[in-house]
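Working through the structure, step by step
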Amino acid sequence: MFKQSPTNREDVRNNHNMVSVILVVVLALFFGILAVIYMGLGGKTETFSSLSTDSNIPLCFVGDDYELPGVNCVMKENVDSVLQLLKKLQPILTKKAVSMICDNSSETPYLTDSEIMQMFTSNKVTSLEVKEDLQNAQLLVIKNPKWGISLIDISDDNGNSGNVLDSLEELFSTRLNGKVGMVIMNPELPMQCLVKNKLFTIFSSLLIVSLGLLAAIGMQKLFVWYIRYKKSTEREVFKLVSDIINMVEMHHQNAAISSPGSTQESFLAINHIRDNLIPPKDRKKMAGLWEKAVKFLDENESR
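Residues numbered from 1 in each chain as written. Predicted model: local features only at pLDDT ≥ 70, side-chain atom pairs only at ≥ 80, totals over all residues. Heavy atoms only, no water.

This brings us to the overall build of the protein. If you tally the helices and strands in the protein, you get 9 helices and 3 strands. Shown N-terminal to C-terminal, the secondary structure of the protein runs as helices and strands in the order α-α-β-α-α-β-α-β-α-α-α-α. Taking all 303 residues of the protein together, the buried fraction comes to 26%. Taking the intrachain contacts of the protein between residues at least 6 apart in sequence as the baseline, contacts between residues at least 24 apart amount to 68%. Summed over its atoms, the accessible surface of the protein is roughly 21,000 Å², and 59% of this surface lies on carbon and sulfur atoms. (Helix = DSSP H or I, 4+ residues; strand = E, 2+ residues; numbered from the N terminus. Buried < 20%, exposed > 50% of the residue type's maximum accessible area, 1.4 Å probe, protein only. Contact = heavy atoms within 4.5 Å. Areas by Shrake-Rupley, 256 points an atom, 1.4 Å probe, with all protein chains shown as cover.)

UniProt annotation of "transmembrane region" (unreviewed entry) refers to residues 21–41 and 199–227 when read in the numbering used here. Secondary structure over residues 199–227 splits into 100% helix and 0% strand, and the C-alpha atoms at its two ends are 41 Å apart. (UniProt positions renumbered as here; feature names shortened; annotations may be inferred.)

Let us look at the sheet that holds strand 1 (residues 111–112). With antiparallel pairing, the 3 strands of this open sheet are ordered in space as 1-3-2. Two strands bound the open sheet, and with one partner strand each, they are strand 1 and strand 2 (149–153). Bridge analysis of strand 2 against strand 3 (residues 180–184) gives 5 bridges, and the strand direction is antiparallel. Bridged to I152 within strand 3 is G181. In the packing of helix 4 (residues 127–143) onto the sheet, contacts are made with strand 2 and strand 3, and the angle to strand 2 comes to roughly 105°. (Pairing = 2+ DSSP bridges. Axes fitted to C-alpha atoms, helices over the stretch in contact; angles between N-to-C directions.)

Here's what the structure looks like:
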């Protein structure tokens, strides 16, 4: 019966220990990430309906030459219609932003001025009225960043979201080019989307860690195999060298016995020695070992 060597038993034990360590690390990482998710799934509680309370709404006063409606202030009679426009835009912008984050939608997450005007112009509301309310709404968005709506420069022809416009000067210069977009950068995501994104992050992290561990184990196994292969090759080369020396010495002794007193030096051809030491079926496989053995003798033996 084959008896397992102590070295093999030790290797098996080391492999089992390594697998156990890997499982413990992966499980610890998994539960750690779950704990982070549990603490971070609270989401947002503030809704857009609160924009009319505690908001910065600069009102225009009659007789003040420095106040320009739609530029740095809003007429009091227009405040309600402006806030209503913002409340109508909020769910639309939220849906577009959520769709892009959760569904990887190719649709742009913002609305342009022309799209908004086309969307809200009707028989009851003219495009001029929508444009006036929109400009007032953009003024209020600049003044109230806590609402969560942002104005961006959409000059990028690829449809990518550009720089955030956080000042009136930037807004006016971008508006001249018709490149203002309204977007919600950080929308309140549904729980299903949060869980899906978190799980994707977990599995991606676990996959990266697993691949890293597998690569490390593979490198370690490869290194061990190389060391063993190198030692095994050295043993085989030294054995072959020993066999060559023994054969040459035996030939020399036989020559001395058969021809006593002869001054002619006896020698053996290298190929003759190889043919006697290596069977024909193994010569191709052991060609590398033979070359190493011959080279070793050439460099280290003078007998």
